[in-house]
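Coordinates in review
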Amino acid sequence: MEKNAKIYVAGHRGLVGSAIVKTLLAQGYANLVTRTHAELDLMSQTAVADFFSEEKPEYVFLAAAKVGGIHANNTYPAQFIHENLAIQTNAIHQSYVHGIKRLLFLGSSCIYPKFAPQPMKEEHLLTGPLEPTNRSYALAKIAGIEMCWSYNRQYGTQFLAAMPTNLYGPGDNYHPENSHVIPALIRKFHEAKVNKQPQVTVWGTGTPKREFLYNQDMADACVFLMGLESNQFQALLGSDESVSGKFQPPLVNVGYGSDITIKELAETVQKVTGYQGNIQFDISKPDGTPRKLMDSTILHQAGWHPKVSIEIGLEIAYQDFLKQI
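Residues numbered from 1 in each chain as written. Predicted model: local features only at pLDDT ≥ 70, side-chain atom pairs only at ≥ 80, totals over all residues. Heavy atoms only, no water.

On to unusual backbone geometry, then. Apart from glycine, the bulk of residues carry a negative phi angle, and the bulk of peptide bonds sit in the trans form. In this chain, Gln118 is followed by Pro119 through a cis amide linkage whose omega measures -5°. Along the polypeptide, Pro119 turns up in the loop between strand 4 (102-106) and helix 5 (135-155). The residue Lys56 is not glycine, and still its phi comes out positive at about 50°. Turning to its location among the elements, Lys56 is positioned in the loop between helix 2 (45-55) and strand 3 (59-62). (Helix = DSSP H or I, 4+ residues; strand = E, 2+ residues; numbered from the N terminus.)

The next thing to look at is the environment of Ile279. Along the polypeptide, Ile279 turns up in strand 12 (residues 278-282). Relative accessible area serves as the criterion here: at 24%, Ile279 is assigned to the partly exposed category. On a C-alpha basis, the gap between Ile279 and Gly303 in space is 40 Å, while along the polypeptide they are 24 residues apart. (Buried < 20%, exposed > 50% of the residue type's maximum accessible area, 1.4 Å probe, protein only.)

Our focus in this paragraph is the environment of Glu267. By the element assignment, Glu267 lies in helix 10 (residues 262-273). What makes Glu267 partly exposed here is its relative accessible area of 35%. Spatially, the C-alpha atom of Glu267 lies 20 Å from that of Glu177, the residues being 90 residues apart in sequence.

For the structure on display, the rule yields ten salt bridges. Where Glu58 meets Lys101, a salt bridge forms, and the shortest distance between an N and an O atom there is 3.1 Å. Of this pair, Glu58 sits in the loop between helix 2 and strand 3 while Lys101 sits in the loop between helix 4 (77-97) and strand 4, placing them 43 residues apart in sequence. Given a relative accessible area of 25%, Glu58 falls into the partly exposed group. A relative accessible area of 38% means that Lys101 is categorised as partly exposed. Its salt-bridge partner being Asp240, residue Arg153 comes within 3.6 Å of it at the nearest N-O pair. Within this pair, whereas Arg153 is found in helix 5, its partner Asp240 is found in the loop between helix 8 (230-234) and helix 9 (241-244), the two being separated by 87 residues in sequence. Arg153 sits in the partly exposed class, given a relative accessible area of 46%. (Salt bridge = Lys/Arg side-chain N within 4 Å of Asp/Glu carboxyl O.)

To continue, consider the layout of surface pockets. Rolled over the atoms, a probe as big as a water molecule pinpoints where empty space is left. Estimates place the volume of the second largest pocket at around 270 Å³. As for the second largest pocket, its lining consists of 14 residues, and the residues nearest its centre are Glu122, Glu123, Gln248, Leu251 and Ile298. Elements represented by at least two residues in the lining of the second largest pocket include exactly strand 10 (251-254) and helix 11 (297-302). Its residues assigned to classes, the lining of the second largest pocket shows seven nonpolar, three polar and four charged. (1 Å grid on protein atoms, 1.4 Å probe; cavity = no way out; pocket = protein on both sides within 12 Å on 5 of 7 lines; lining within 4 Å. Points joined across faces, edges and corners; volume = space filled by probe spheres on them. Nonpolar A, V, L, I, M, F, W, Y, C, P; charged D, E, K, R; others polar.)

From the geometry alone we can't say anything about function, so treat these as descriptive.
This is the structure we're talking about:
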């Protein structure tokens, strides 16, 4: 990307979008375009078409999405599939219509089958049943990948999908019911400390393993991908399976490279927050997928690696939580 290029960051107030804006500005990209939800409803086909016509961005980071944890996904599946399909359909199509040079579509590791081989490779997409608790969200993201793939094949666009592992960091959503596991645990342990509660209850058995990536690392990876030389970037855009005979979606995993159990995560959050009580696991609650570890070999071989450890990242996230409350 040229330093003076006009870059649209959709979802600039979100966990990843805000970090992408910070990274772009730090690297000298000053010509950024953003819109709040009040200023631009990405679910409106007309509004999105008008926005692209007026602003004419050259690059698009599509980080806008309806997101939530296991409880939210399981409780509001209709909203998750409807809103995400609408947002990404409008943004991707208008990016094609207005000749966007490159688009990066952000997905989620839940696109992979519930019992996918570990670590999960890009080629494992569409090879088995999904985790039912977040299937509607996963299917919306899979549709976004297919849309990028289809437009690349038919129109020669350069639309790439980046699949992050579980993200956390400054700007996260700390809602007691609709947040992801790390912000939910940070809030639980902090409130238990303040209220001097003898124990904190954590959903599930504590045995599932998860991989976590600091949001600023994710943003660095996104900007890294969009800034690749043409031959490197084009090599990631997938192939026409009917011609090549190979299943190669325009998909790149973005992970930390190792995972921890939910029990280990809870114990680390306990330490970071300074909570002195006990941890109890509620085995009547769902565990979700047994393990989710990404194989990020493609990205790492391209030259990108994460910088922030889970311990340091959680310390920063907790300080951010304290500021928010």
